[in-house]
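This is what each chain is made of:
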Amino acid sequence: MPKRRIGPLMAVVGGVAWLGWFAPEAHGQKAFLNVARGLYGQDASYGKCHLCHESRRGPNRQTLNDLGKALQGMDGMQPLLGKNSSYAFNAQELQAVVDALKKLDTADTDGDGATNREELLLKTFPADANSKPAAAALEQLRALEAKRAAEGAGKK
Ligand SMILES: [Ca+2]
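Residues numbered from 1 in each chain as written. Predicted model: local features only at pLDDT ≥ 70, side-chain atom pairs only at ≥ 80, totals over all residues.

Peer 1: Would you mind going over the overall build of the chain with me for this structure?
Peer 2: Looking only at helices and strands, one finds six helices and zero strands in the chain. When the helices and strands of the chain are read in sequence order from the N terminus, they spell out α-α-α-α-α-α. Partitioning the contacts of the chain with sequence separation of at least 6, the portion at a separation of at least 24 is 38%. (Helix = DSSP H or I, 4+ residues; strand = E, 2+ residues; numbered from the N terminus. Contact = placed C-beta atoms within 7 Å.)

Peer 1: Help me understand the environment of alanine 100, please; the structure alone is not making it clear to me.
Peer 2: Topologically, alanine 100 is positioned in helix 4 (residues 91-103). Taking the C-beta count within 10 Å as the criterion, alanine 100 has 20 such neighbours and is therefore assigned buried. Placed 28 residues apart in sequence, alanine 100 and glutamine 72 show a C-alpha to C-alpha distance of 8.7 Å. Not counting the four nearest positions on each side in its chain, alanine 100 is found in contact with Leu71, Met74, Gly76 and Met77. (Buried ≥ 20, exposed ≤ 12 C-beta atoms within 10 Å, placed from the backbone.)

Peer 1: Looking at this model, I keep getting lost on the environment of proline 59. Mind explaining?
Peer 2: For proline 59, the position within the fold is in the loop between helix 2 (30-39) and helix 3 (66-72). Residues proline 59 and glycine 28 lie 31 residues apart in sequence; the distance between their C-alpha atoms is 4.6 Å.

Peer 1: How do you make sense of the nonpolar core when you look at a structure like this?
Peer 2: Nonpolar side chains in soluble globular proteins tend to end up buried together. Leu67, Leu71, Val97, Ala100 and Leu101 are the most contacted members of the largest nonpolar core, which totals 14 residues. Contributions of two or more residues to this core are made by helix 2, helix 3 and helix 4. (Core = buried A, V, L, I, M, F, W, Y, C linked by C-beta atoms within 7 Å.)

Peer 1: Which parts of the structure should I look at to understand helix 2?
Peer 2: Working note: α-helix, 3.6 residues per turn, so residues spaced by three or four point in the same direction. What helix 2 keeps buried is the set Phe32, Leu33 and Val35. Down the axis of helix 2, the sector holding all buried residues measures 155 degrees, keeping them to one side. As for helix 2, its buried residues are in contact with helix 4. Taken from the residues just after helix 2, glycine 41 is the one with a positive phi, measuring 60 degrees. (Arc of directions from axis to C-beta.)

Peer 1: Can you help me understand helix 6 (residues 135-155) in this one?
Peer 2: If you check helix 6, its first and last C-alpha atoms are 30 Å apart, about what 21 residues at 1.5 Å a residue would give, namely 30 Å. A small share of helix 6 lies buried, amounting to zero of its 21 residues. (Expected span 1.5 Å × (residues − 1).)

The following block contains the structure:
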């Protein structure tokens, strides 16, 4: 592509991205996504909107998948819902998101045999039964977590 054509194209791409980001009904709650990323050690390549939203319809409150719906329904989440993108969540509010996610750790939202926490750590999707950790990876994670739990119990 000739160099002079890139400028207008980038303006269009940037404009579309801007609209997607700031339109109140057309974005997910980035603050919640950041909490999940921090909690499960995710980078931007996996920790994305479609953890909690249906992937093809854009992240908003009408497109929550089963994990998004479960999170929304947890104790303490109600006051945090429906905030627009400029709302700055305080530390206490973000802690409520952490607590809610942790309570969902042992659930298996998509019923595929791996818990939500296991899927988030192994980078599969907790609300998609077709996305499931490999058996070997799951076994390895469970062995590691059992070992850590045993060590933790030994220290008390
Ligand atoms: Ca699962």
